[in-house]
Amino acid sequence: MTAESPSHTALVRRARRINRELALLYPDAHTELNFTSPLELLVATILSAQTTDKRVNMVTPTLFARYPTAADYAAADRGEMEKIIQSTGFYRAKTNSLIGLGQALCDRFGGEVPPRLKDLVTLPGVGRKTANVVLGNAFGIPGLTVDTHFGRLARRFGWTTSLDPEKVEADVATLIPRKDWTVLSHRLFWHGRRVCHARRPACGACALARLCPSYGEGPTDPEVAAKLVKSGPFS
Ligand code: SF4
């Protein structure tokens, strides 16, 4: 921490204010993937790599009906599964992950999705981000889901200087109450897609302007900024 950087206490105070403001802006922020069980969310999250939630939601009704249990994924016919998930892209790798996932769940976890980060990250196709999505949204166990939007916004807010998702996660965890971790992840994702874009953030139309140390990184003219705001649908 340099002489000019805010004290940790000031940083915490500002981070919580930003979190409260985001809660007002996006009161219904949530995952846009459809699921009814931890297994379904795990599968949907694996499929969501490099594609939109909307596209995933188009294939999952057929997929979930065809493979209701981990054992069904383990015993799946590769060609048949590839055909079902083809439109989500990278379908060969994703099929490998899903069949491997089913086998690993049956071999090591009695066919159930384990509710622990350290177990989840041992599964094929499951990194820390996916594991936290499942913990937070299917098990109600708070998790910070550091995707590209989350990392960018956390850096702009001065919550971290790191590009490493694990370090970002650790830095933000010291600022935001644990109970808010899952919903904060959704809120950052929503704000990143709508207002705080990677290339031209809409600073002049941003409700966080007075709290954000990066105000001015994008156009501050209200009319110019208003045109940059995206209203969706996104998924
Ligand atoms: S003020 Fe600008 S940089 Fe800060 S959150 Fe808003 S859009 Fe992003």
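Above this text sits the structure in question.
Residues numbered from 1 in each chain as written. Predicted model: local features only at pLDDT ≥ 70, side-chain atom pairs only at ≥ 80, totals over all residues. Heavy atoms only, no water.

Student: Which residues make up the overall build of the chain, and what are the values?
Tutor: Looking only at helices and strands, the chain has 12 helices and zero strands in total. Taken from the N to the C terminus, the helices and strands of the chain come in the order α-α-α-α-α-α-α-α-α-α-α-α. Here the C-alpha radius of gyration of the chain, 19 Å, is about what a compact globule of 235 residues would show, namely 18 Å. Counting all 235 residues of the chain, 49% fall into the buried class. For the chain, long-range pairs separated by at least 24 residues make up 58% of all intrachain contacts whose partners lie at least 6 apart in sequence. Surface summary for the chain: the accessible area is close to 11700 Å², and the carbon and sulfur share equals 53%. Taken together, the 31 basic and 22 acidic charged side chains of the chain have centroids lying 5 Å from each other. (Helix = DSSP H or I, 4+ residues; strand = E, 2+ residues; numbered from the N terminus. Rg over C-alpha atoms; globule rule 2.2 N^0.38 Å. Buried < 20%, exposed > 50% of the residue type's maximum accessible area, 1.4 Å probe, protein only. Contact = heavy atoms within 4.5 Å. Areas by Shrake-Rupley, 256 points an atom, 1.4 Å probe, with all protein chains shown as cover. Lys, Arg positive; Asp, Glu negative; His and termini not counted. Charge placed at Lys NZ, Arg CZ, Asp CG, Glu CD.)

Student: An account of the nonpolar core is requested, with residue identities and associated values reported.
Tutor: If you look at the biggest cluster of nonpolar residues, it comprises 33 residues, and the most contacted ones within it are Val 43, Leu 63, Tyr 73, Leu 98, Leu 101 and Leu 123. Those elements that place two or more of their residues in this core are helix H2 (38-47), helix H3 (53-66), helix H4 (70-74), helix H5 (78-85), helix H6 (91-109) and helix H8 (128-138). In terms of residue count, H2 provides more of this core than any other element does, seven residues in total. Discounting chain neighbours no more than four positions away, the residues touching Leu 98 are Val 43, Ile 46, Leu 47, Leu 63, Tyr 73 and Met 81. Trp 181, Leu 188, Ala 202 and Cys 206 belong to the second largest nonpolar core, which has 31 residues in total. (Core = buried A, V, L, I, M, F, W, Y, C linked by side-chain atoms within 4.5 Å.)

Student: Now, about the packing of H5 against H6: what can you tell me, with residues and values included?
Tutor: With their axes 9 Å apart at the nearest point, H5 and H6 run at an angle of 120 degrees to one another. Overall, the two elements H5 and H6 adopt an arrangement that is oblique. As H5 packs across H6, the resulting crossing turns out to be right-handed. Contacts between H5 and H6 pair Arg 78, Met 81, Glu 82 and Ile 85 from the former with Tyr 91, Arg 92, Lys 94, Thr 95, Asn 96, Leu 98 and Ile 99 from the latter. Grouping the constituent residues of the contact of H5 with H6 by class yields five nonpolar, two polar and four charged. (Axes fitted to C-alpha atoms, helices over the stretch in contact; angles between N-to-C directions. Parallel < 35°, antiparallel > 145°, perpendicular 65-115°, else oblique. Left-handed = near helix turned anticlockwise from the far one by under 90°. Nonpolar A, V, L, I, M, F, W, Y, C, P; charged D, E, K, R; others polar.)

Student: Explain the side chain of Asp 147 residue by residue, including any values.
Tutor: If you trace the backbone, Asp 147 turns up in the loop between H8 and helix H9 (148-156). Although buried, Asp 147 forms no salt bridge, and the nearest oppositely charged side chain, Lys 129, lies 5.5 Å from it. Reaching out from Asp 147, the side chain makes a polar contact with the backbone nitrogen of His 149 at a distance of 3.2 Å. (Salt bridge = Lys/Arg side-chain N within 4 Å of Asp/Glu carboxyl O. Polar contact = N/O pair within 3.5 Å; in protein donor to acceptor, adjacent residues only side chain to side chain.)

Student: Summarise the packing of H2 against H3; cite the residues concerned and give the values.
Tutor: As a packed pair, H2 and H3 sit with axes 10 Å apart at the nearest point and diverge in direction by 135 degrees. In terms of orientation, H2 lies oblique with respect to H3. Crossing handedness for the pair H2 and H3: right-handed. The segment H2 lies against H3, with Glu 40, Val 43, Ala 44 and Leu 47 engaging Val 56, Val 59, Thr 60, Leu 63 and Phe 64.

Student: Any chance you could break down the site of the ligand for me, citing the residues and the numbers?
Tutor: By nearness alone, every residue bordering the ligand is listed as Arg 156, Phe 157, His 191, Cys 196, Pro 201, Ala 202, Cys 203, Cys 206, Ala 209, Cys 212, Ser 214 and Tyr 215. Taken together, the residues that form the shell around the ligand break down as nine nonpolar, two polar and one charged. (Near = heavy atom within 4 Å.)

Student: Now, about the packing of aromatic side chains: what can you tell me, with residues and values included?
Tutor: Under the counting rule described, the total for this entry stands at three aromatic pairs. Summarising the aromatic geometry, the rings of Tyr 26 and Trp 190 are spaced 6.3 Å apart at their centres and angled 65 degrees between planes, so their arrangement reads as edge-to-face. Here Tyr 26, found in the loop between helix H1 (8-25) and H2, pairs with Trp 190, found in helix H11 (residues 181-194); they are 164 residues apart in sequence, far enough to count as distant. Each member of the pair, Tyr 26 as well as Trp 190, is classed as buried. Taking 5.3 Å as the distance between ring centres and 35 degrees as the angle between the ring planes, the aromatic pair formed by Tyr 67 and Tyr 73 counts as tilted. (Phe/Tyr/Trp six-rings, centres within 6.5 Å; stacked < 30°, edge-to-face > 60°.)

Geometry only, nothing functional implied.
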